[in-house]
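So the chains spell out like this:
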Amino acid sequence: FNASVWSASYRQMQIDGEFVDSTVGFWPTPTWHGPNALFAPLSIPIDQLLLRGPGAVSARRVVSNSDSDHSVLITTLKLAP
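Residues numbered from 1 in each chain as written. Predicted model: local features only at pLDDT ≥ 70, side-chain atom pairs only at ≥ 80, totals over all residues. Heavy atoms only, no water.

Asker: Is there a simple way to explain the overall build of the protein chain in this structure?
Answerer: Looking only at helices and strands, one finds 1 helix and 4 strands in the protein chain. Along the protein chain, helices (α) and strands (β) appear in the sequence α-β-β-β-β when read from the amino end. Considered along the principal axes of its C-alpha atoms, the protein chain spans approximately 45 × 25 × 20 Å. The buried share among the 81 residues of the protein chain stands at 28%. Working note: accessible area of the protein chain is about 5500 Å², and carbon and sulfur atoms make up 62% of it. Across the protein chain, 5 positive and 6 negative side-chain charges occur, with their mean positions spaced 10 Å apart. (Helix = DSSP H or I, 4+ residues; strand = E, 2+ residues; numbered from the N terminus. Buried < 20%, exposed > 50% of the residue type's maximum accessible area, 1.4 Å probe, protein only. Areas by Shrake-Rupley, 256 points an atom, 1.4 Å probe, with all protein chains shown as cover. Lys, Arg positive; Asp, Glu negative; His and termini not counted. Charge placed at Lys NZ, Arg CZ, Asp CG, Glu CD.)

Asker: Can you walk me through the side chain of Gln48 in this structure?
Answerer: Looking at where Gln48 falls in the secondary structure, it is placed in the loop between strand 1 (20-21) and strand 2 (50-51). Here Ala3 takes part through its backbone oxygen, which lies 2.9 Å from a polar atom of the side chain of Gln48. Among the polar contacts listed, one links the side chain of Gln48 to the backbone oxygen of Pro45, at a separation of 2.9 Å. Contact partners of Gln48, with chain neighbours within four places excluded, come to Phe1, Ala3, Val5, Tyr10, Asp21 and Leu73. (Polar contact = N/O pair within 3.5 Å; in protein donor to acceptor, adjacent residues only side chain to side chain. Contact = heavy atoms within 4.5 Å.)

Asker: How should the environment of Phe26 be read in this particular structure?
Answerer: Structurally, Phe26 is set in the loop between strand 1 and strand 2. Note on Phe26: relative accessible area 29%, which makes it partly exposed. Along the backbone, Phe26 and Ala59 are 33 residues apart, and their C-alpha atoms lie at a distance of 8.5 Å. Ignoring anything within four residues of it in the chain, the contact list for Phe26 reads Val57, Ser58, Ala59 and Arg60.

Asker: Any chance you could explain unusual backbone geometry here in plain terms?
Answerer: As a rule of thumb, non-glycine residues mostly have phi less than zero, and peptide bonds are mostly trans rather than cis. The phi dihedral of Glu18 is positive, around 55°, even though this residue is not glycine. Mapped onto the elements of the fold, Glu18 is located in the loop between helix 1 (8-16) and strand 1. When its relative accessible area of 64% is taken as the criterion, Glu18 is described as exposed.

Note that all results are geometric; they support no functional claim without further evidence.
Structure representation (structure tokens):
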């Protein structure tokens, strides 16, 4: 979903739902680059994946998407037995 990690509503949802942000242990890579290349210096990480329960993120990367102003967030999960 789209939200900045520093927004109050995001933090409140994360706390209330006991969610773990998939960026824990990884650099929070920008995923939104704005409507064109001029906005690239203002890129921010607004595409999020939250986890709850047993399991962890084993890999996380962001790749560009020429069809959108958002990059693709690829996350590999390691599920607990």
